[in-house]
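Examination of the molecular architecture
Spelled out, the chains give:
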Amino acid sequence: MSQEIYAAEPEATRRSVSGTESSRASRGWWDRNADEYQSDHGAFLGDDRFVWGPEGLDEAEAGLLGPAESLKGATVLEIGAGAAQCSRWLAAQGARPVALDLSHRQLQHALRIGDAFPLVEADAGVLPFRDGSFDLACSAYGAVPFVADPVRVFREVHRVLRPGGRWVFSVTHPIRWAFPDEPGPEGLSVAASYFDRTPYVEQDEQGEAVYVEHHRTLGDRVRDVVAAGFRLVDLVEPEWPDWNDQEWGGWSPLRGNLIPGTAIFVCVRD
């Protein structure tokens, strides 16, 4: 009789995490879970849509990177690109995107879908590009929530952007950290301090982090943007649209109609 061995479920906790441990955990988690993520969310994301978050705000509608006609010929860096759906949409507008991700497996999905633009496997905190290489940079829930030192990432983005370039990124709205990550009524009661910046960590039996998210308050995010040399020109909090009836983790119509789930920062390198 064969004996089945099951891996223990990771333990969820809150504790300090170094930048190295965060990076290692993120690479491993996304490599292990890329297939399931693309299977679960690929239909919603599409192969060539630019969606800023679970609410479904589309760049074609929002124009946060600028008017669609201004994208033609622009060099654009997508950070935390996953399967590069956003880059594919940008390419369709005539832009010249580069899709960067820490996860090899996520970029394999980008190759599976296919398109003719560069894919780069690298850490967002050490961008392998020359100064002033890009006109625009963007990230839809990529990299920023998972790094211990977001200012380091922002300074790298500032370095590779040309003067006048935009850096637009979306993250979980900071207020969500005070609520349980549940889509139903249990996710509507405050359960933790909004001001507790201790990272959320899932760790294995040896105490090694296998998944990490870092919390920054709304004010922290603004100060981080400014510390990196950017000027914040807009902060978008998408409302939940009537057409969107999906649940995605802790995002749902119930919660989305009451509290914000996503924050999008629109920044300019002067």
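The coordinates are above.
Computed from a predicted structure; not experimentally measured.

**Some thoughts on the sheet that holds strand β9 (residues 231–236)**
Spatially, β4-β3-β2-β5-β6-β10-β9 is the arrangement adopted by the seven strands of the open sheet, whose pairing is mixed. A strand with exactly one partner marks an edge of an open sheet, and here the two such strands are β4 (119–121) and β9. With strand direction ignored, the average angle separating the axes of adjacent strands in the sheet is 20°. Sheet analysis places β9 next to strand β10 (residues 262–268), joined by five bridges and oriented antiparallel. When the bridges of β10 are listed, Leu235 appears paired with Phe265. In the packing of helix α3 (residues 85–92) onto the sheet, the strands contacted are β2 (75–79), β3 (96–101) and β5 (134–140), and the crossing angle to β3 comes to about 175°. Strands in contact with helix α6 (residues 218–227) are β6 (161–172), β9 and β10; relative to β10, the strand with the most contacts, it is inclined by about 20°.

**Overview of the environment of Leu232**
Secondary-structure assignment places Leu232 in strand β9. Discounting chain neighbours no more than four positions away, the residues touching Leu232 are Val222, Val225, Phe265, Val266 and Cys267.

**A look at the pairing of β5**
Two faces, one strand: in a regular strand the side chains alternate between the faces of the sheet. Within β5, six of the seven residues are buried, which leaves it mostly tucked inside the rest of the structure. With three bridges joining them, β2 and β5 adopt parallel strand pairing. Pairing of Val76 across the sheet is with Leu136, part of β5. Where β5 and β6 come together, six bridges link them in parallel fashion. Residue pairing in the sheet places Ala137 in a bridge with Trp167 of β6. Once the chain exits β5 it traverses helix α5 (residues 150–160) before rejoining the sheet at β6, and the crossover so formed is right-handed.

**Remarks on empty space enclosed by the protein**
The final tally for this structure, using the stated rule, is one cavity of 30 Å³ or more. By volume, the largest cavity is sized at about 60 Å³. Lining the largest cavity are Pro145, Val171, Thr172, Pro174, Trp177, Glu213, His214, His215, Arg216 and Arg221. Of the residues assigned to the lining of the largest cavity, the class counts are four nonpolar, three polar and three charged.

**Quick notes on the nonpolar core**
Counting 28 residues, the largest nonpolar core has Leu77 and Trp167 as the members making the most contacts within it. Taken together, the elements giving at least two residues each to this core come down to β2, β3, β5, α5, β6 and β10. In terms of nonpolar packing, the next biggest core, distinct from the first, is built from 19 residues, Ala74, Val76, Trp89 and Val236 among them.

**Looking at the pattern of salt bridges**
What the rule picks out here adds up to 13 salt bridges. Asp196 serves as the salt-bridge partner of Arg14, at 3.8 Å between the closest nitrogen and oxygen. A residue pair is termed long-range when its members are at least 10 positions apart, and Arg14 in strand β1 (residues 11–14) and Asp196 in the loop between β6 and β7 (200–203) qualify at 182 residues. We note a salt bridge from Arg105 to Asp35, for which the minimum N-O separation is 2.7 Å. Note that Arg105 is positioned in helix α4 (residues 104–113) and Asp35 in helix α1 (residues 19–45), a separation of 70 residues in sequence. By relative accessible area, Arg105 is classed as partly exposed at 30%. Three or more residues joined by partner-sharing salt bridges are found here, namely Asp131, Glu156 and Arg159.

**Some words on the packing of α1 against α4**
Between α1 and α4, the shortest axis-to-axis distance is 7 Å and the interhelical angle comes to 35°. Taking contact as the criterion, the partners of Trp30, Asp31, Ala34, Asp35, Tyr37 and Gln38 in α1 are, on α4, His104, Arg105, Gln106, His109 and Arg112. Of the residues contributing to the contact of α1 with α4, the split by class is three nonpolar, four polar and four charged.

**A word on the sheet that holds β7**
One open sheet holds the three strands; their spatial order is β1-β7-β8, and the pairing between them is antiparallel. With partners counted over all chains shown, the strands left at the sheet margins are β1 and β8 (209–213), one partner each. For this sheet the average axis-to-axis angle between neighbouring strands, irrespective of direction, equals 20°. Here β7 runs beside β8; their pairing, made up of four bridges, is antiparallel. Counted as the bridge partner of Glu202 is Tyr211 from β8.

Criteria and thresholds
Residues numbered from 1 in each chain as written. Predicted model: local features only at pLDDT ≥ 70, side-chain atom pairs only at ≥ 80, totals over all residues. Heavy atoms only, no water. Pairing = 2+ DSSP bridges. Helix = DSSP H or I, 4+ residues; strand = E, 2+ residues; numbered from the N terminus. Axes fitted to C-alpha atoms, helices over the stretch in contact; angles between N-to-C directions. Contact = heavy atoms within 4.5 Å. Buried < 20%, exposed > 50% of the residue type's maximum accessible area, 1.4 Å probe, protein only. Right-handed = clockwise from strand over helix to strand, strands pointing away. 1 Å grid on protein atoms, 1.4 Å probe; cavity = no way out; pocket = protein on both sides within 12 Å on 5 of 7 lines; lining within 4 Å. Points joined across faces, edges and corners; volume = space filled by probe spheres on them. Nonpolar A, V, L, I, M, F, W, Y, C, P; charged D, E, K, R; others polar. Core = buried A, V, L, I, M, F, W, Y, C linked by side-chain atoms within 4.5 Å. Salt bridge = Lys/Arg side-chain N within 4 Å of Asp/Glu carboxyl O.

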